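The primary structure of each chain is shown beneath.
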Amino acid sequence: MSTPHPPTAPTPTPQPAPLPAAVNVLLYGAAFACVLTIMALSLLPAQEMPSTGIADGIDHFIAYWGTGGLMALAFRGRGRVLVVAGIGLIGLGGLMEVLQQLSPGRSSTWGDFLMSGGGALAGLAMGTVAARLISHLRRRAAGRPGRRHRFEGPVPQEAAPVRAGRR
């Protein structure tokens with residue numbers, strides 16, 4: 001009859017060093033700047049709008065896609081905050097379409113609203129995947145031997161193997 005083995009403790013997952021505060025500030029600032037840019041460009045009169053050469057709905061998608069991606073990176077790991085950010089971006093797209101009716105020469109369409117909302121959701125999804133991939137790669141790099149910040153004690157000094165013919 002065999003004796004049961006005591007359960008072993010699971011090996012802790014290596015945790016990477018936290019991102020520097022400057023990176024977080026940069027991500028928050030870039031996302032906020034994108035929101036302000038969307039608001040400013042959405043409310044310009046038609047004759048003052050810069051021409052990008054991109055079809056009307058596509059430029060809405062790209063603007064909200066980039067903003068959503070930056071928000072997902074800035075708010076990484078905070079699921080509820082990302083949901084609120086997504087609802088906020090979709091709401092911003094709707095609000096900007098309504099307010100465009102007050103700008104001379106501008107009109108609002110459901111197509112633009114749908115492209116803005118779709119871009120926001122696609123950007124949030126892409127940014128979330130990117131944040132998880134970056135986190136996975138950082139955890140993996142933190143667990144590699146030879147990284148000084150992961151050792152708990154002194155590094156053991158092993159003798160280098162002597163190759164034949166070399167002394």
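Our subject is the structure that appears above.
Conventions adopted
Residues numbered from 1 in each chain as written. Predicted model: local features only at pLDDT ≥ 70, side-chain atom pairs only at ≥ 80, totals over all residues. Heavy atoms only, no water. 1 Å grid on protein atoms, 1.4 Å probe; cavity = no way out; pocket = protein on both sides within 12 Å on 5 of 7 lines; lining within 4 Å. Points joined across faces, edges and corners; volume = space filled by probe spheres on them. Helix = DSSP H or I, 4+ residues; strand = E, 2+ residues; numbered from the N terminus. Nonpolar A, V, L, I, M, F, W, Y, C, P; charged D, E, K, R; others polar. Phe/Tyr/Trp six-rings, centres within 6.5 Å; stacked < 30°, edge-to-face > 60°. Buried < 20%, exposed > 50% of the residue type's maximum accessible area, 1.4 Å probe, protein only. Expected span 1.5 Å × (residues − 1). Contact = heavy atoms within 4.5 Å. Lys, Arg positive; Asp, Glu negative; His and termini not counted. Salt bridge = Lys/Arg side-chain N within 4 Å of Asp/Glu carboxyl O.

Caption draft 1: A look at the layout of surface pockets. Taken as a whole, the largest pocket encloses approximately 560 Å³ of empty space. Taken together, the elements giving at least two residues each to the lining of the largest pocket come down to helix H1 (21-43) and helix H2 (56-74). Top element by residues in the lining of the largest pocket is H2. It accounts for 7 residues. Residue classes in the lining of the largest pocket are distributed as 11 nonpolar, 10 polar and 4 charged.

Caption draft 2: Representation of the packing of aromatic side chains within the structure. Taken as a whole, this structure holds 2 aromatic pairs when the rule is applied. When the centroid spacing of 5.5 Å and the interplanar angle of 45° are considered together, the rings of Tyr28 and Phe75 count as tilted. Residue Tyr28 is found in helix H1, and its partner Phe75 is found in the loop between H2 and helix H3 (79-99); the two are separated by 47 residues along the sequence. Relative to Phe113, the ring of Trp110 has its centre 6.0 Å away and its plane inclined at 80°; by these criteria the two rings are edge-to-face. A residue pair is termed a helical-turn pair when its members lie 3 or 4 positions apart in one helix, as Trp110 and Phe113 do in helix H4 (residues 110-142) at 3 residues. Using a relative accessible area of 68% as the deciding quantity, one classes Trp110 as exposed. Residue class for Phe113 comes out partly exposed when judged on its relative accessible area of 21%.

Caption draft 3: Looking closely at H1. If you check H1, its first and last C-alpha atoms are 33 Å apart, about what 23 residues at 1.5 Å a residue would give, namely 33 Å. Residues Leu27, Ala31, Val35, Ile38 and Ser42 constitute the buried set of H1. Those residues of H1 that are buried are in contact with H2 and H3.

Caption draft 4: The environment of Met49, seen in detail. Among the structural elements, Met49 can be located in the loop between H1 and H2. Considering only alpha carbons, one finds Met49 and Arg106, 57 residues apart in sequence, at a separation of 9.8 Å. Residues contacting Met49, with those up to four places away along its chain left out, are Leu41, Leu44 and Arg106.

Caption draft 5: H4, seen in detail. In a regular helix each residue adds 1.5 Å, so 33 residues correspond to 48 Å; H4 covers 47 Å between its end C-alpha atoms and thus fits that length. Within H4, burial applies to Asp112, Ser116, Gly117, Gly119, Ala120, Gly123, Leu124, Gly127, Ala131, Ala141 and Ala142. Turning to H4, the residues buried within the fold contact H2 and H3.

Caption draft 6: The side chain of Asp112, seen in detail. With respect to the helices, strands and loops of the structure, Asp112 is situated in helix H4. The buried charged residue Asp112 lacks any salt bridge partner; its closest oppositely charged side chain belongs to Arg106, at an N-O distance of 6.7 Å. Those residues within four positions of Asp112 in sequence are excluded, and the remaining contacts are Asp56, Gly57, His60 and Glu97.

Caption draft 7: Here's a closer look at the environment of Phe32. With respect to the helices and strands, the residue Phe32 is situated in helix H1. Take Phe32: its relative accessible area is 56%, and that puts it in the exposed class. Sequence separation between Phe32 and Thr67 is 35 residues; the distance between their C-alpha atoms is 8.4 Å.

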